[in-house]
Structures are given as structure tokens and as C-alpha cells.
Amino acid sequence: MDPAIWSRLPEDLLDHVLSFLPPKKLLKLRSTCKHFNSLLFSPSFLSKTKCSSSAFSCFILLSHPQCYDQYPLYDSTHGTWRRLSLPYSLLLPSGATLLSSSKGLLCFSLPSSSSFLVCNLVTLSSRTIDFPTYPFDFELLTLVSTPSGYKIFMLFAKSFPNYAFVYDSTDQSWSKFDIDGFPSMILSQSSHQEGVFYKGSLYFTTPEPFSIVRFDLENGIWETPNDANDHMTMMLPHELTFFRLVNDGEESNKLYLIGGVGRNGISTTMKLWELGCGGNWIEVERVPEMMCRKFMSVCYHNYDHVYCFWHQGMICVCCYTWPEILYYNVARRTWHWLPSCPSLPHKWSCGFRWFSFLPHLYALV
């Protein structure tokens, strides 16, 4: 253990030794010196490290206008509630809003500085991204992780013609695409809707007459999957009163549809379908009657407030005006209510926005 010998240890061998450290130890080590801190931002080191998202707990995060710099977290790994306080280096200005999450990254809007903030809370790294144009009134913002980084999709609805903007983190630039009238169908839909990433495209639902539209992130093409020349028609189930799409987070690349079934705009039941071969929707389950009645009563049949997301084998169904989550455990094929957050003030009545948050050391901003 002669320091004279160990001080001459080649840097690549030292990095190899450090790559075997568990995540928590590695994060504590970053304050030791500049080199150790820089390792967390080195793609070559991250490709060697044994750390992964599986080393961290998985959370469902609540964003609310009254949260400010603290966010309630449900630890789905241990079934407990926690509270997330943003570190000093990532304190957000007044008016900042959490808009989207993807594989360890969170995307906030910063209206006061006309920008977005994408951050990784594990590595305490962040990037500020200026709006592509001023003033900028955007819709349907969706953060999508890619093998080489991430993309941010949004619509600019206050111009004619309407445009879609896509930010690519690999070259840190915005691309602008004409969208030929499609947004008129989806902008009147829920403002809480995000695109669902499936096989290279973002999928959106439209209000009546119900349909599915998609945007190809690579080519900037907006289209309807049930076009005559499309091999996947995605013909929708009958008697829908509303519906949402959910992707399984690329675990097996499945697409699900959950929706209300009834007449005259009133849902009498809720069902779950899975996209089968050739674009046919196959019924998987229906929500138990008492759970369905409760969910319909809390959203007052205002389905614009309903949104869904995937979280670690769970299909979560939420209402913007209600602080509880109805979820379906895909593996067990059972429906449940998520335990209520004990620290949530009863006076909070609206603005409940839930996100899947999977801390990830590899997620680079």
C-alpha cells in the first residue's frame, strides 16, 4: 500500500476499479476531486460502470402548483411515501412547471427566462434550452429518451400554418416541421396529454370523431395510422366515450388502450385493450364496477381531465382534479388504488399531475 506506487496507478485502471462501486458510494465519491466528479458525465465510464437504474428505487412523482421545490414521491419498490426536495443547485424560479419525464430525466418550463430545463437529479446535472421562437405558446410537450440522448416534441399552435418543433440533444438544436392541419383535431383534447412513443413515432388521441394520429420523430411526418395504405389500421373499439394510449416503456414494446364505454358521452364501464397483430385491439381486462364508479364520480365525466402513463409494469390512470391513482398491475392482472399520500393537504383541489420517475445514472442531459 505504498502511496508512491498507488499514486502512479494508470487512470484507466483506476476508472475500472471505480466502475464496480455501488451507485450511492460513487455519488458520494464525486466530491473528493474534480476527476471523480467528471466521471459521472463521461459516456465511456458510464458504459463500464455496474450501476444502472435497477440499483435505485422507482417512484411516482406528484407535481402540483403548490409543490414549489418539494415533490411527494411514492416509492413503488418499497410501497412507501417520501418527499423530494430539489438540491440547491437545481432550485427553480417561481412559475416553473414540470412538464414531462423520461428515463431519469425531468423537463421543466421556465417562463420567466423563456426556456426549458432538462435535469438528472441523480448526477445533479442540467441543461437550459431556449425556446425556439418568441413568444412561444406550446402544446403537448413530450420528452422522449433515445439511445444517444433525448428529444423534446411540442406543437406551436398560435401560428398559421401550425408547426411542430423537435429538439435533439445530440446536436443541441431545434427542427421545425409543417403539420398540415392535423393539430386542429388534437389541440381541443386534454391539455394534460403527452405523446406516446411507439416504434419511432409519437401517438396522440383525438376527440370525437375518435381517431389516432402519429408524428414520425425522424422524418417530421404527421399521419393517421388507419390510412388505406397503412398496414396497421388501428380500428378503434365501438361505443367509446373517451380513450387514452399507454406504451409499456419498451419493456416488450406493447401498446395499450384504456377507455370508457357507454353511450351519449356517459361511461358505464372502463376497459383495457392491447394492440394485436395487424392493428386489432384485443380486450384484456375491464375495471371492476365499484372502482369504475368511483373514478367516474371523481372526474365528473369530464374526460378531458383524464390521462395515463406507464410505470414499472403498472398502467396508471389519473384525473387532473383528484389526488389518487387507479392502476392496473399487468403481471398480476389486478386493479388497485394507490395508497393516498399522507402529507397531501386536503385543500388542494386541482392540478394533480403525476409522472413516472426512474432515477438513472446513465441519463445524460
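Up top you'll find the structure we're talking about.
The numbers attached to residues start from 1 for each chain and follow its sequence in the written order. The predicted origin of the model limits local features to residues at a pLDDT of at least 70 and limits the giving and counting of side-chain atom pairs to 80 or more, whereas totals for whole chains, interfaces and linings rest on all residues. The side-chain values count all of the structure's non-hydrogen atoms but skip hydrogen atoms and water molecules.

A. Broad picture of the sheet that holds strand β21 (residues 314–319). Pairing within the open sheet is antiparallel, and its four strands lie in the order β20-β21-β22-β23. Each having just a single partner strand, β20 (306–311) and β23 (334–337) make up the two edges of the open sheet. The average undirected angle you get between the axes of adjacent strands in this sheet is 20°. In this analysis, strands are considered paired if DSSP registers two or more bridges between them. Numbered from the N terminus, helices here are DSSP runs of H or I no shorter than four residues, and strands are runs of E no shorter than two. Fitted lines through C-alpha atoms serve as axes, helices being fitted only where they are in contact, and the angles separating the N-to-C directions of these axes extend from 0 to 180 degrees.

B. Representation of the nonpolar core in the model. Remark: nonpolar core denotes a set of buried residues (Ala, Val, Leu, Ile, Met, Phe, Trp, Tyr, Cys) joined through side-chain atoms within 4.5 Å. Burial classification: accessible surface area is computed with a 1.4 Å probe over protein chains only, and a residue below 20% of its type maximum counts as buried, one above 50% as exposed, and the rest as partly exposed. Counting 34 residues, the largest nonpolar core has Ile-60, Leu-61, Leu-121, Phe-309, Cys-316, Ile-325 and Trp-354 as the members making the most contacts within it. No other element matches strand β1 (residues 59–63), which puts four residues into this core. For Leu-121, the residues in contact, after removing those within four places along its chain, are Leu-84, Leu-86, Leu-90, Leu-106 and Phe-357. Tyr-256, Ile-258, Met-291 and Cys-319 belong to the second largest nonpolar core, which has 23 residues in total. The contact definition used throughout considers only heavy atoms, calling two residues in contact when any of these lie within 4.5 Å.

C. Quick look at the pairing of strand β13 (residues 201–205). For β13, the buried fraction is high: five of the five residues fall into the buried class. Along β13, one buried face is formed by Ser-201, Tyr-203 and Thr-205 and the opposite face, lined by Leu-202 and Phe-204, is buried too. Two successive antiparallel strands, strand β12 (residues 196–198) and β13, enclose a turn made up of two residues, where Lys-199 displays a positive phi of approximately 55°. Taking the residues that link successive antiparallel strands as the turn, the β13-strand β14 (residues 212–216) hairpin has six residues.

D. Spotlight on unusual backbone geometry. Cis rather than trans, the peptide bond between Glu-208 and Pro-209 has omega equal to 0°. For Pro-209, the location among the structural elements is in the loop between β13 and β14. Here Ser-114, not a glycine, exhibits a phi torsion of approximately 50°, which is positive. By relative accessible area, Ser-114 is classed as partly exposed at 22%. The phi torsion at Leu-124 lies on the positive side, around 60°, for a residue other than glycine.

E. Highlighting helix α7 (residues 289–299). When α7 is considered as a whole, its buried residues turn out to be Met-291, Cys-292, Phe-295, Met-296, Val-298 and Cys-299. For α7, the buried positions fall inside an angular range of 165° around the axis, keeping them on one side. Along α7, exposed side chains directed more than 90 degrees from the buried face belong to Glu-289, Met-290 and Arg-293. On its buried face, α7 is in contact with β16 (240–247), β18 (266–275), β20, β21, β22 (325–329) and β23. Two residues or fewer past α7, Tyr-300 is found with a positive phi of approximately 55°. Working definition: the arc comes from the directions between the helix axis and the C-beta atoms, pointing outward to the latter.

F. Region of the structure containing the pattern of salt bridges. The salt bridge criterion pairs a side-chain nitrogen of Lys or Arg with a carboxyl oxygen of Asp or Glu, the two atoms within 4 Å. Under the counting rule described, the total for this entry stands at 10 salt bridges. Note that Lys-271 is salt-bridged to Glu-283, the shortest N-O span being 3.7 Å. Here Glu-283 lies in strand β19 (residues 281–286) and Lys-271 lies in strand β18, a separation of 12 residues in the sequence. Take Lys-271: its relative accessible area is 14%, and that puts it in the buried class. A salt bridge links Arg-293 to Glu-289; the shortest N-O distance between them is 2.7 Å. Here Arg-293 and its partner Glu-289 are both found in helix α7, four residues apart, which amounts to about one turn of the helix. For Glu-289, a relative accessible area of 52% translates into the label exposed.

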